[in-house]
Amino acid sequence: MSVIKSQNKVFNEIMKKDVPICKLDTNSLTVTIFNVDTQTEEYRTFH
C-alpha cells in the first residue's frame, strides 16, 4: 500500500497538530481531503 500526502498542511484544532490537506491511497484509490471549515476528513473512493 502506498499513501501519497500533500506537502501543504493545515492545523487541525481537534487533534492539535498539522495534517496534510489531502492524501491519496494508491492501493484502494481513496482520496482523503481535510475540510478546514468543519475540521473533518472527507473520504472519496474511486472504482
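See above for the structure.
Residue positions are given per chain, counting from 1 as you read along its sequence in written order. Whole-chain, interface and lining totals are the exception, using all residues; otherwise, since this is a predicted model, local features are given only for residues with pLDDT of at least 70 and side-chain atom pairs are given and counted only at 80 or more. The side-chain quantities take in all heavy atoms of the structure and omit both hydrogens and water.

1. Some words on the overall build of the protein chain
- When you go through the protein chain residue by residue, the secondary structure sums to zero helices and six strands.
- The numbering of helices and of strands both runs from the N terminus, where a helix is a DSSP run of H or I of at least 4 residues and a strand a run of E of at least 2. The order of helices and strands in the protein chain, counted from the N terminus, is β-β-β-β-β-β.
- Over its C-alpha atoms, taken along the principal directions, the protein chain stretches across nearly 30 × 20 × 15 Å.
- Burial analysis of the protein chain (47 residues in total) assigns 23% to the buried set.
- Carbon and sulfur atoms provide 53% of the accessible area of the protein chain, an area that totals close to 3,800 Å².
- Put simply, the protein chain has 6 plus and 6 minus side-chain charges, and the middle of one group is 6 Å from the middle of the other. Partly exposed residues are those whose accessible area sits between 20% and 50% of the maximum for their type, while under 20% is buried and over 50% is exposed, using a 1.4 Å probe and protein chains only. Calculation of accessible area relied on Shrake-Rupley with a 1.4 Å probe; when residues are assessed, cover is drawn exclusively from the protein chains displayed. Residues counted as positive are Lys and Arg, residues counted as negative are Asp and Glu, and His and the chain ends are not counted. Taken as the charge centre is NZ of Lys, CZ of Arg, CG of Asp or CD of Glu, depending on the residue.

2. Quick notes on the sheet that holds strand E4 (residues 22-25)
- Read across the sheet, four strands follow the order E1-E4-E5-E6 without closing on themselves; strand pairing throughout is antiparallel. Each edge of the sheet is formed by a strand with only one pairing partner; in this case those strands are strand E1 (3-5) and strand E6 (40-45). The sheet shows a mean angle of 20° between the axes of neighbouring strands, direction not considered.
- The pairing of strand E5 (residues 30-35) with E6 spans six bridges and is antiparallel. Bridging across to E6, Thr-32 finds its partner in Tyr-43. Pairing between two strands is assigned when DSSP locates at least 2 bridges connecting them. Axis angles are defined between N-to-C directions and span 0 to 180 degrees, where every axis is a line fitted to C-alpha atoms and, for a helix, only to the segment in contact.

3. Regarding the pattern of salt bridges
- In the sections that follow, a salt bridge refers to a side-chain nitrogen of Lys or Arg positioned within 4 Å of a carboxyl oxygen of Asp or Glu. Tallied over the full model, the rule gives two salt bridges.
- Here Glu-41 ties to Lys-23 by a salt bridge, and the two come within 3.7 Å at their closest N and O atoms. Here Glu-41, found in strand E6, pairs with Lys-23, found in strand E4; they are 18 residues apart in sequence, far enough to count as distant.
- Here Glu-41 falls in the partly exposed class, since its relative accessible area comes to 32%.
- Take Lys-23: its relative accessible area is 24%, and that puts it in the partly exposed class.
- Glu-42 is the partner of Arg-44 in a salt bridge, and the nearest nitrogen-oxygen pair spans 3.7 Å.
- Under the relative-accessibility criterion, Arg-44 is labelled partly exposed at 41%.

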